[in-house]
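Topology and contacts: notes
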Amino acid sequence: MATSRGLAVVTGASSGIGAATARQLASAGFTVWACARRVDRLAEVAAASPAITAVTLDVTSADSVAELTARVNAERDGLALLVNNAGGAVGLEPVAEADPADWLTMFQTNVLGAMRVTQSLLPALEAGSGGHIVLTGSIAGYSVYEGGAGYSAAKYAARAMMETLRLELNGRPIRVSEVAPGLVATEEFSLVRFRGDAARAAAVYDGVAEPLTAEDVADVITFVATRPAHVNIDLAVVKPLAQAAPYKLDRRR
Ligand SMILES: NC(=O)c1ccc[n+]([C@@H]2O[C@H](COP(=O)([O-])OP(=O)(O)OC[C@H]3O[C@@H](n4cnc5c(N)ncnc54)[C@H](OP(=O)(O)O)[C@@H]3O)[C@@H](O)[C@H]2O)c1
C-alpha cells in the first residue's frame, strides 16, 4: 500500500468544491478532515471514503477553530495540507445599494475565516515534514465586475493575505498556493449568493456550454497539492473555455 501523504484539512467541505476536493485528496493518498458547519452534509462526504473524517467547523468562530486546532495538534505527524476553501458570495447589488451586513459575512468567511484557521494551524503545518496552504480564491480576486464589489473585495483581500504569508514564511518549509477558479456550476454557490432564489441562481449558468464543475477545480487543487515539496505553484487560474473574463462569457449554447 502507498505511504500516506499525511493529514489534510479542507474547510467548506460539506458541498461543492470543498467536498470534491476532500474526495480527490483522499484518492490521492491524504487522510482528510472534511470541515464545515453542516454535519449531515459532511457525513455524506465522509461516506465516500474511509480516509475522510467529518469535522464540525465554523471558520467565523475562534472557539470552533481552537477546537479543530487542538485535535490537529494531537496528531503525531503534524498537518501536511490546509485547503482554505470555506467562503462564497452574498448578494449582487451595486455598491450604492449593497448591505454592509452582506459584506461583513463575506469578509468573515473568505478573509477572516481563512486567517483564523491559517494562524491557528501554522505550528502544526511546520511540525511535520513540511506543510502546504492552498487558498480557493477566485478570478473575482483579480478583476472586478458590476455588482461584485463585496465579493471581489473579499477575494482580493484573501489573496493579499496569502501573497504576504508567502513572503513571511520564506525560509520555512511551508508552501503557499492559490487556485483561482472562474465560473463553476456548484449546487449551492449561486443559491447562497441569491438567498435561495433558484431561478436567479440557475440564470448565472444560462446558455454557457460547459461551466467548470467542482471536480474540475478539485482536480487542480489536488495537482497543486501533490507536487514535490520543493515545488510551489503560486497561482493556478482555471476558467471554463466559454469564459474569457468574469464578465465575458459565451452564452450561445
Ligand atoms: N462556484 C464558483 O463559481 C466559484 C468560483 C470561484 C471561487 N469559488 C470559491 O470556492 C469556494 C467554494 O465554493 P463552492 O462553489 O463550492 O460553494 P458552496 O457549495 O456554497 O460551498 C461553500 C462551502 O463553504 C462552507 N462554509 C460557509 N460558511 C462557513 C463557515 N462559517 N464555516 C465553515 N464553513 C463554511 C459551506 O459549508 P457549511 O454551510 O456547511 O458551513 C460550504 O461547504 C468559495 O471560497 C468560493 O468563493 C467559487
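Residues numbered from 1 in each chain as written. Predicted model: local features only at pLDDT ≥ 70, side-chain atom pairs only at ≥ 80, totals over all residues. Heavy atoms only, no water.

1. What to know about the overall build of the protein chain
- When its secondary structure is counted, the protein chain shows eight helices and nine strands.
- Relative to a compact globule of 253 residues, whose C-alpha radius of gyration would be 18 Å, the protein chain shows 17 Å and is just as compact.
- Relative to its 253 residues, the protein chain shows a buried fraction of 50%.
- Counting every atom, the protein chain has about 11900 Å² of accessible surface; 55% of that belongs to carbon and sulfur.
- Averaging the positions of the 22 positive and the 26 negative side-chain charges in the protein chain gives two centres separated by 4 Å. (Helix = DSSP H or I, 4+ residues; strand = E, 2+ residues; numbered from the N terminus. Rg over C-alpha atoms; globule rule 2.2 N^0.38 Å. Buried < 20%, exposed > 50% of the residue type's maximum accessible area, 1.4 Å probe, protein only. Areas by Shrake-Rupley, 256 points an atom, 1.4 Å probe, with all protein chains shown as cover. Lys, Arg positive; Asp, Glu negative; His and termini not counted. Charge placed at Lys NZ, Arg CZ, Asp CG, Glu CD.)

2. Digging into the side chain of Thr226
- Turning to its location among the elements, Thr226 is positioned in the loop between helix H8 (214-225) and strand S7 (235-238).
- Thr226 gets classed as buried once you look at its relative accessible area, which sits at 15%.
- Side-chain polar atoms of Thr226 contact the side chain of Arg227, separated by 3.2 Å.
- Each residue touching Thr226, except ones within four places of it in the same chain, is listed here: Arg5, Ala28 and Phe30. (Polar contact = N/O pair within 3.5 Å; in protein donor to acceptor, adjacent residues only side chain to side chain. Contact = heavy atoms within 4.5 Å.)

3. Describing the packing of aromatic side chains
- The full count for this structure, using the stated rule, is one aromatic pair.
- Across from the ring centre of Trp33, 5.2 Å away, lies the NZ or CZ of Arg71, which sits over that ring.
- When the ring centre of Phe223 is taken as reference, the NZ or CZ atom of Arg227 above it lies at 3.8 Å. (Phe/Tyr/Trp six-rings, centres within 6.5 Å; stacked < 30°, edge-to-face > 60°. Lys NZ or Arg CZ within 6 Å of the ring centre and 35° of its normal.)

4. Concerning the pairing of strand S6 (residues 174-181)
- Within S6, eight of the eight residues are buried, leaving the element largely enclosed by the surrounding structure.
- A two-sided burial pattern is seen for S6, the buried positions comprising Ile174, Val176, Glu178 and Ala180 on one face and Arg175, Ser177, Val179 and Pro181 on the other.
- As paired elements, strand S5 (residues 131-136) and S6 share six bridges and run parallel to each other. Residue pairing for S6: Ile133 is matched across the bridge by Val176.
- In terms of handedness, the path from S5 via helix H5 (residues 149-168) over to S6 forms a crossover that is right-handed.
- Sheet analysis places S6 next to S7, joined by four bridges and oriented parallel. When the bridges of S7 are listed, Glu178 appears paired with Leu235. (Pairing = 2+ DSSP bridges. Right-handed = clockwise from strand over helix to strand, strands pointing away.)

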